[in-house]
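Below, each chain spelled out in residue letters.
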Amino acid sequence: MSAEEKKPQERVGVYVCHCGTNIAGVVNVEDVSTWAGEKLKDQGVVVSRDYKFMCSSLGQELIQNDIKEFGLTRVVVAACSPHLHEQTFRTACKGADLNPYLCELVSIREQVSWVHTDKDAATEKSKAIISGGVSRVVHHEPLEPLYVSIHPATLIVGGGIAGIQAALEIADAGYPVYLVEREPSIGGHMAQFDKTFPTLDCSACILTPKMVQVGNHPNITLLTYSEVEKVDGFVGNFVVSIRKRARSVNEADCTGCGICWEKCPKKVIDDKFEVGIGYRKAVYTPFPQAVPKYPVIDRENCIYYEKGTCKACEKFCPTGAINFAQEDEIMNVEVGNIILATGWDLFDARRIPNYGYGRLPNVFTSMEFERLSNAAGPTGGQIVLRDGKTVPKSVAIIHCVGSRDKNYNNYCSSICCMQSLKFAHLVHERTGATVYNCYIDIRTPAKAYDEFYQRLIEEGTLFIRGKVAEVTDAALSPAEEGKLVIQVEDTLIGKQRRIPVDMVVLSAALEPRADSKEVAKRFGISCSADGWFIEKHPKLDPVATMTEGIYIAGVVQGPKDIPASVVQGAAAAARVLGKIQQKEIALEPVRATVNEEQCSGCRICNDLCPFSAILFHEDKMVSEINPALCQGCGTCVAACPAGAISGTGFSNEQILSQIDGLLFLNIKSKEAVKA
């Protein structure tokens, strides 16, 4: 008698879902269910059923009742993607006292009905997929989740509005937060804006109180002018190394009085906060409402660091807070969860040379216009040309610069339409100039957004539907002399137009941070092809990532406006608070393990692991997998040349059996024996 014949026969239940017409519209579900009950009897199938909505309460009860009535030891559900409902059916099995990992979910929606139109072929493919699932499930083993404790502290990386909101939510709940920001002050891009759409309330007025709350909160440790250098550990138990860069100012002694930057003789172009159209001193705070209030010495431009002379700031500082010898400090903090809210970069409009930015002086980017129109900006809120005094009489605003363009970024940047409408309103309000908005499509889908669009029409903004081909200063008529000329096809009237204006504003795209891929690698998460951080599920879990304990908030996930960023920051905080309050969490036990006796110490797996879950022991010359970090992706299993790594739930026996089932080899061999 063979080993296979000696093995106790498993009792398998097969359940095929109609999913309304999602599956049943292409697959003959009743035929598939009947076939599985008849043809897979020798594989252990004792019951096979179909139901309209297997994920419903009634569908789950059907499975639970059969487990008890037929003594099922394995369950195969043919329905949608495991990403969507695997946990649903595992929970149903657990409710009937069957180990949840003895349930196999096979996809006949995404992998069959949604990709085929031939009903006969789709039905046969469904049978093959179920056959593979049955052959696989008999080799499943009961598993138990891994439990890890959760450290109550949270690390938030990025001090923009999303990071600020997340920090306040968690800190207000009574838990410690480390908020890390690479710039000298929190506030992010929102601190640069003048007004916010559609209500036109002052950006600083609504942001500053939150910044002050963060700066004064007893549960928040604010680490500005700092960057995360290294992340070790796993969900609940991360150890993070943070480089706190030297400000050359002792924060304990500084009062933020401002005398140091008043007396500093060195002026430099501020290419960060003022985006190159304003100046700051070599010792500075980015803006008047900065939090914290302590200045920073820009060592690249400071006369003392350049020549060893000056020290005006030190001489005039009333508290002796200047410290030229100060060095960077490395901090190691322990946290249970991490939220990434590192924000976005503005598309470099120089990449589209036909728009003339950087070559034609009165072509401005959207962020430059934000600083021009800001009362705290370099012009005191006056909208003027580059000469600093001429008020424009006509302004063109070009939408979608670097967005919705296959040559640059194929995606919509989400905020450009409303931003451009806001700019048009500000130009009307402060200059009375004629405003042309050149757009591809107007997208105003949120609360009070379309009403704002209607308001701009009433204010007299001229809308031209068409993609601008060129911005030039080459005049073809006396009316164009000394002007910028917009060359655009107006698709609403079907004509090419040349429009002379004094100023052009480019609504540039939102792009991922330049170092987004490096940051993603450091934290063990993934980026999309565009560079945005990838969420666990775009609809059902847009704040979590595939690495347990790492969450994302704000524009790091994709373009969005301020309200959406605030919502996502609060949502990420809620997820973290849920984990903290549980005190420990159960992790999926589908993990990889290394057989030390077979491991050759080649380290191939160490570099391939996308979750940084593999350690190498120099003393034993073997690799080890941290089960808390491992996500069971199988990369290391496939790559190991010695075959020393195996994946729980994905053993060679399980995979090869599933392949046999897909090819109907399990059925053919049984039929051959009977013949």
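Positions within a chain are numbered from 1, following the residues in the order the chain's sequence is written. Per-residue local features of the predicted model are confined to residues with pLDDT of at least 70, and side-chain atom pairs are confined, for both listing and counting, to 80 or more; whole-chain, interface and lining totals are unaffected and use all residues. Side-chain measures here rest on the full set of heavy atoms in the structure, leaving out hydrogens and waters.

What follows concerns the overall build of the protein chain. Looking only at helices and strands, the protein chain features 20 helices and 34 strands. By its C-alpha atoms, the protein chain is 95 × 65 × 45 Å across when sized along the principal axes. Per-residue burial over the protein chain gives 52% buried out of 675 residues. Put simply, 69% of the contacts in the protein chain that link residues at least 6 apart link residues at least 24 apart. Here the accessible surface of atoms and residues is derived via Shrake-Rupley with a 1.4 Å probe, and residues count as covered only by protein chains that are part of the display. Of the accessible surface of the protein chain, which amounts to about 30,600 Å², a share of 51% is contributed by carbon and sulfur atoms. Counted charges follow a simple rule, with Lys and Arg positive, Asp and Glu negative, and His plus the chain ends left uncounted. Throughout, a charge is located at the NZ atom of Lys, the CZ atom of Arg, the CG atom of Asp or the CD atom of Glu. Of the side chains in the protein chain, 71 bear a positive and 81 a negative charge, and the two mean positions are spaced by 3 Å. Helix and strand definitions follow DSSP, with helices as H or I runs of at least four residues and strands as E runs of at least two, each counted in order from the N terminus. Only protein chains enter the accessibility calculation, which uses a 1.4 Å probe; a residue is then buried when its area is under 20% of its type maximum, exposed when over 50%, and partly exposed in between. Two residues qualify as a contact provided that any one of their heavy atoms is within 4.5 Å of a heavy atom in the partner residue.

Moving on: the sheet that holds strand 26 (residues 495-501). Paired strands, as defined in this entry, are two strands with at least two bridges between them according to DSSP. Read from one edge of the open sheet, three strands run 24-25-26, paired in antiparallel fashion. Every interior strand has two partners, whereas the edge strands, strand 24 (468-472) and strand 26, have only one. Averaged over all adjacent pairs, the angle separating strand axes in this sheet is 20°, with direction ignored. For every element, the axis is a line fit to its C-alpha atoms; helices are fit only across the contacting stretch, and the angle between N-to-C directions ranges from 0 to 180 degrees.

To continue, consider the confidence of the model for the protein chain. On average, residues of the protein chain score 93 in pLDDT, and 98% of them are at 70 or above. Each residue carries a pLDDT score, the predictor's own confidence in it, on a scale running from 0 to 100. Contacts from residues 1-8, a stretch scored under 50 in pLDDT, to residues over four places away or in other chains number four contacts.

Turning to the environment of N407, a few remarks are in order. Locating N407 in the fold gives a position in the loop between strand 21 (394-401) and helix 13 (416-431). You can call N407 exposed: its relative accessible area is 64%. On a C-alpha basis, the gap between N407 and I352 in space is 9.6 Å, while along the polypeptide they are 55 residues apart.

If you look at the biggest cluster of nonpolar residues, it comprises 92 residues, and the most contacted ones within it are I339 and M503. Here the limits of each domain have been adopted from an automatic or database domain assignment. Here this core spans two domains, and each of domain 2 (345-511) and domain 3 (592-647) adds at least three residues to it. Not counting chain neighbours up to four residues away, the residues in contact with I339 comprise L155, I156, V157, A166, I170, Y551, A553, A572, A573 and V576. Core analysis: the second largest hydrophobic core is formed by 42 residues, V14, A36, V77 and V137 among them. The criterion is simple. A nonpolar core is a set of buried Ala, Val, Leu, Ile, Met, Phe, Trp, Tyr and Cys residues joined through side-chain atoms within 4.5 Å.

So, about the pattern of salt bridges. Salt bridge, as used here: a side-chain nitrogen of Lys or Arg that lies within 4 Å of a carboxyl oxygen of Asp or Glu. Applying the stated criterion to the full structure yields 38 salt bridges. Of the charged contacts, one joins E511 and R351 as a salt bridge, the two residues approaching to 3.1 Å between their closest N and O atoms. With E511 in strand 28 (residues 510-512) and R351 in the loop between strand 19 (344-346) and strand 20 (363-365), this residue pair connects regions lying 160 residues apart in the sequence. For E459, the salt bridge goes to R455, with nearest N and O atoms at 3.3 Å. One end of the pair, E459, and the other, R455, are both in helix 14 (residues 449-459), four residues apart, so they sit about a helical turn from each other. Shared partners join several salt bridges into a network, and the residues in it are D31, E124 and K127.

As a further point, take the packing of helix 2 (residues 29-39) against helix 6 (residues 119-137). At a minimum axis distance of 10 Å, the contact between helix 2 and helix 6 shows a crossing angle of 40°. Here helix 2 lies oblique to helix 6, going by the angle between them. The handedness of the crossing between helix 2 and helix 6 comes out as right-handed. Between helix 2, through D31, V32, W35 and A36, and helix 6, the contact on the second element is made entirely by T123, S126, K127, I130 and S131. Here roughly perpendicular refers to angles of 65 to 115 degrees, roughly parallel to angles under 35, roughly antiparallel to angles over 145, and oblique to all remaining angles. Handedness of a crossing follows from how the near helix is turned relative to the far one, being left-handed for an anticlockwise turn of less than a right angle and right-handed for a clockwise one.

This part covers the domain arrangement of the protein chain. What the domain assignment lists for the protein chain is domain 1 (2-144 + 651-674), domain 2 (345-511) and domain 3 (592-647). One C-alpha centre belongs to domain 1, the other to domain 2, and the line joining them spans 58 Å.

On the basis of which strands lie adjacent, the open sheet formed by five strands has the order 20-27-21-22-23 and parallel pairing. Each edge of the open sheet is held by one strand with a lone partner, namely strand 20 and strand 23 (462-465). Going across the sheet, the axis of each strand differs from the next one's by a mean of 20°, ignoring polarity.

Of the strand pairs in this sheet, strand 11 (residues 226-234) and strand 12 (residues 237-244) are connected by eight bridges, and their pairing is antiparallel. Across the sheet, residue V231 finds its bridge partner in strand 12, namely V240. Bridging between strand 12 and strand 17 (residues 329-335) involves seven bridges; their strand directions are antiparallel. Bridge assignment links V239 to a residue of strand 17, and that residue is E334.

With that settled, the discussion passes to the side chain of S48. With respect to the helices, strands and loops of the structure, S48 is situated in strand 2 (residues 45-51). Identification of polar contacts relies on pairs of N or O atoms within 3.5 Å, with a donor-acceptor requirement for protein atoms, meaning one able to donate a hydrogen and the other able to accept it, and with residues adjacent in sequence counted only if both atoms are side-chain atoms. A distance of 2.7 Å separates the side chain of S48 from the backbone oxygen of S33, its partner in a polar contact. For S48, the contacting residues outside a window of four places in its chain are V14, S33, A36 and G37.

At 3.6 residues per turn, the α-helix brings residues three or four places apart onto the same side. Expected helix span is taken as 1.5 Å per residue step, with the number of steps being one fewer than the number of residues. A rise of 1.5 Å per residue sets the reference length of helix 8 (residues 203-216), with its 14 residues, at 20 Å; its end C-alpha atoms lie 20 Å apart and thus fit the reference within 8%. For helix 8, the complete set of buried residues consists of S203, L207, T208, M211 and V214. Mapping the buried residues of helix 8 onto a view down its axis gives an arc of 125°, with all of them on the same face. Along helix 8, the residues that are exposed and aim more than 90 degrees away from the buried face are C205 and N216. In this fold, the buried residues of helix 8 make contact with helix 7 (161-172), strand 7 (177-181), strand 8 (195-196), strand 9 (201-202) and strand 10 (220-224). What the arc describes is the spread of directions from the helix axis to the C-beta atoms.

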